[in-house]
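# Structural overview
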Amino acid sequence: MKVVTTLGQFILEKQADFPYAKGELSRLLRDIGIAAKIVNREVNKAGLADILGEAGTTNVQGEGQKKLDVYANEQFISALKHGGECCIVASEENDDYIPIESEVSKDARYIVAMDPLDGSSNIDVNVAVGTIFSIYRRKSAEGKATITDVLQRGTEQVAAGYVIYGSSTMLVYTTGKGVNGFTLDPSIGEFCLSHADMKLPEDGFIYSINEGNYVHFPDGVKKYIKYCQVEDKKTGRPYTSRYIGSMVADVHRNLIKGGIFIYPVTAGAPNGKLRLVYECNPMAFIVEQAGGRASNGYERILDLDVDALHQRSAIFIGSKNMVKKAEEMMASFSPQGTKKTFEGEVVLQ
Ligand code: AHG
Ligand code: MN
Ligand code: MN
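Since we're looking at a predicted model, the values are computed, not measured. (Residues numbered from 1 in each chain as written. Chains lettered and ligands numbered in written order. Predicted model: local features only at pLDDT ≥ 70, side-chain atom pairs only at ≥ 80, totals over all residues. Heavy atoms only, no water.)

### Description of the coordination of the manganese ion (ligand 3)
Summarising the metal site, the manganese ion (ligand 3) is bound by the protein donors Glu-92 (OE), Asp-115 (OD) and Leu-117 (O), whose distances to it range over 2.2 to 2.3 Å. When the donor residues of the manganese ion (ligand 3) are listed from N- to C-terminus, their spacing reads E-x22-D-x1-L. If you look at the manganese ion (ligand 3) and the manganese ion (ligand 2), they sit 3.8 Å from each other and are both ligated by Asp-115. Under the relative-accessibility criterion, Asp-115 is labelled buried at 0%. Using a relative accessible area of 2% as the deciding quantity, one classes Leu-117 as buried. (Donors = N, O, S within 2.8 Å, 3.2 Å for Na, K, Ca; no water. Buried < 20%, exposed > 50% of the residue type's maximum accessible area, 1.4 Å probe, protein only.)

### Description of the state of the cysteines
Counting across every chain of the model gives zero disulfides. As a non-bridged cysteine, Cys-87 has Cys-86 as the owner of its nearest cysteine sulfur, 6.2 Å distant. Looking at Cys-228, it has no disulfide partner, and the nearest cysteine sulfur is the one in Cys-280, 19 Å off. Accessibility expressed as a relative area gives 0% for Cys-228, which makes it buried. (Disulfide = S-S within 2.5 Å.)

### Considering the side chain of Glu-279
By secondary structure assignment, the location of Glu-279 is in helix H7 (residues 276-289). It is Arg-275 that comes nearest to the buried, bridge-free Glu-279 among opposite-charge side chains, at 4.9 Å. The contact partners of Glu-279, leaving out residues within four places of it in the chain, are Glu-92, Asp-115, Asp-118, Ile-132, Met-247 and Leu-274. (Helix = DSSP H or I, 4+ residues; strand = E, 2+ residues; numbered from the N terminus. Lys, Arg positive; Asp, Glu negative; His and termini not counted. Salt bridge = Lys/Arg side-chain N within 4 Å of Asp/Glu carboxyl O. Contact = heavy atoms within 4.5 Å.)

### As for the coordination of the manganese ion (ligand 2)
Distances from the manganese ion (ligand 2) to its protein donors, Asp-115 (OD), Asp-118 (OD) and Glu-279 (OE), fall at 1.8 to 2.2 Å. Here the donor residues of the manganese ion (ligand 2) share one chain and are spaced in sequence as D-x2-D-x160-E.

### Brief notes about the side chain of Ser-334
By secondary structure assignment, the location of Ser-334 is in the segment after helix H8 (320-333). A polar contact is formed between the side chain of Ser-334 and the backbone nitrogen of Gly-220, at a distance of 2.8 Å. Those residues in contact with Ser-334, other than ones at most four positions away along the chain, are Pro-218, Asp-219, Gly-220, Tyr-298 and Met-329. (Polar contact = N/O pair within 3.5 Å; in protein donor to acceptor, adjacent residues only side chain to side chain.)

### A word on the domain arrangement of the protein chain
Domains assigned within the protein chain are domain 1 (7-195) and domain 2 (206-333). For domain 1 and domain 2, the distance between their C-alpha centres works out to 24 Å. The interface is formed by 45 residues belonging to domain 1 together with 29 residues belonging to domain 2. Between domain 1 and domain 2, the buried area comes to about 2,700 Å², and carbon and sulfur atoms account for 66% of it. (Domains from an automatic or database assignment. Buried area = accessible area lost by both parts, 1.4 Å probe.)

### Looking at a nonpolar patch on the surface
A surface patch of nonpolar side chains, about 210 Å² in accessible area, is lined by Val-125, Val-127 and Ile-244. Note on placement: Val-125 falls in the loop between strand S3 (110-118) and strand S4 (129-137). (Patch = residues over 30% accessible without salt bridge, like charges linked within 9 Å, V, L, I, M, F, W, Y side chains within 5 Å. Areas by Shrake-Rupley, 256 points an atom, 1.4 Å probe, with all protein chains shown as cover.)

### Topic: the pairing of strand S5 (residues 159-165)
Taken across its seven residues, S5 has seven buried, putting it largely inside the fold. The two faces of S5 match: Ala-159, Gly-161, Val-163 and Tyr-165 on one face and Ala-160, Tyr-162 and Ile-164 on the other face are all buried. The pairing of S4 with S5 spans seven bridges and is classified as antiparallel. Its bridge partner being in S5, Phe-133 is matched across the sheet by Gly-161. Relative to strand S6 (residues 169-174), S5 is paired through six bridges, and the arrangement is antiparallel. Its bridge partner being in S6, Tyr-162 is matched across the sheet by Val-172. (Pairing = 2+ DSSP bridges.)

### Focus on the sheet that holds strand S10 (residues 240-241)
Spatially, five strands are ordered S10-S9-S11-S13-S12 in an open sheet, and the strand pairing comes out mixed. The sheet is open, and its two borders are formed by S10 and strand S12 (293-295), each paired with just one other strand. As defined by bridge partners, strand S9 (residues 206-208) adjoins S10 across two bridges and the pair is classed as parallel. By the bridge assignment for S10, Tyr-207 is matched with Ser-241. Here H7 sits on the sheet and contacts S12 and strand S13 (315-318); the angle it forms with S13, its principal contact strand, is near 30 degrees. (Axes fitted to C-alpha atoms, helices over the stretch in contact; angles between N-to-C directions.)

### Observations regarding the environment of Glu-299
Within the element layout of this structure, Glu-299 appears in the loop between S12 and S13. When the C-alpha atoms of Glu-299 and Ala-72 are compared, they prove to be 32 Å apart, with 227 residues separating the residues in sequence. Residues in contact with Glu-299, not counting those within four places in the same chain, are Ala-294, Leu-304 and Gln-336. Reaching out from Glu-299, the side chain makes a polar contact with the side chain of Gln-336 at a distance of 2.9 Å.

### Examining helix H1 (residues 7-14)
Looking at H1, one finds that the buried residues are Leu-7, Phe-10 and Ile-11. For H1, the angular spread of buried residues about the axis comes to 100 degrees, placing them on one side. Exposed residues pointing more than 90 degrees away from the buried face of H1 are listed as Leu-12 and Glu-13. (Arc of directions from axis to C-beta.)

### Some remarks on unusual backbone geometry
That bond from Arg-237 to Pro-238 is cis: its omega, 5 degrees, falls within 30 degrees of zero. By secondary structure assignment, the location of Pro-238 is in the loop between helix H5 (219-229) and S10. Even without being a glycine, Asn-126 presents a positive backbone phi close to 60 degrees. By the element assignment, Asn-126 lies in the loop between S3 and S4. Even without a glycine there, the phi angle at Asp-197 is positive, about 45 degrees.

As structure tokens, this is what we get:
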């Protein structure tokens, strides 16, 4: 008989890795796991609601999707509020960070930054979506935690993870000691360890980028895409192109199969589209822990200064050698400090 390890059991076992920990982080991860199950239930129903919606009005579909963003946000915030381990939640869905000032949370030491529903535009069409979370320890010793506690570098993360609501639902997380993945078994309502010590292949054969924006990409990115498309038996090119449009799903696939995901600066998004605090940093932490690499094309994502909660960044993330190659192209054809006109070629300042 196959013995399963549930997320709860695994977290408890791993608590021993942190000899001075009092179990708060474990409880926080447990709370996130519970919220993920509730959101999963609703995400599954949203597919059903969309089918019914098509027989009715298109408005309801539009509103339904929006509601799910808000629903996921509320569920995670509520779980973190009641769990008592989190003093601040920062979310894509809220302009400002949310201090948690309940009685149970008065000694809370952790900050959680999250994207409650990633790839939400994919909900309508039954394509995988996700939740991303990033956990920091508060820096200030006493008093109310403030924005300075939130705006920490990616290297300061104590844990990060994502949930993918896909053909099956998985929770993948790291506390800085490797990456482990758990699949939700709906029959028992538990996340069960299914992908122990996940490792990203150093070389991959999949590139993932919204190629529709090609004309607006920096030259370095254009050259890298062409490199991926050239025939070369030795390196297995041309590579395969895959783009789901949910960062969680694209990175998850690459984490298992190897590959690179790029969201560069574009004309429409001159600082990149994805957010550093609750999209890039957590995914970078996970991918590095799985043996991969993540940069903004020049610098390591986790080392970037964090100045604002909703700050954006370009991201090149995935198999180590693929990201290195893309960085080489950026250094040669779009050196840092390059001014991007997006009206043809990139020109130097
Ligand atoms: P969100 O749904 O949280 O706003 O994030 C969507 C993000 C990310 O998941 C995805 O990789 C990217 O937007 C897709 O952007 P494009 O549609 O511009 O390709
Ligand atoms: Mn997102
Ligand atoms: Mn989102």
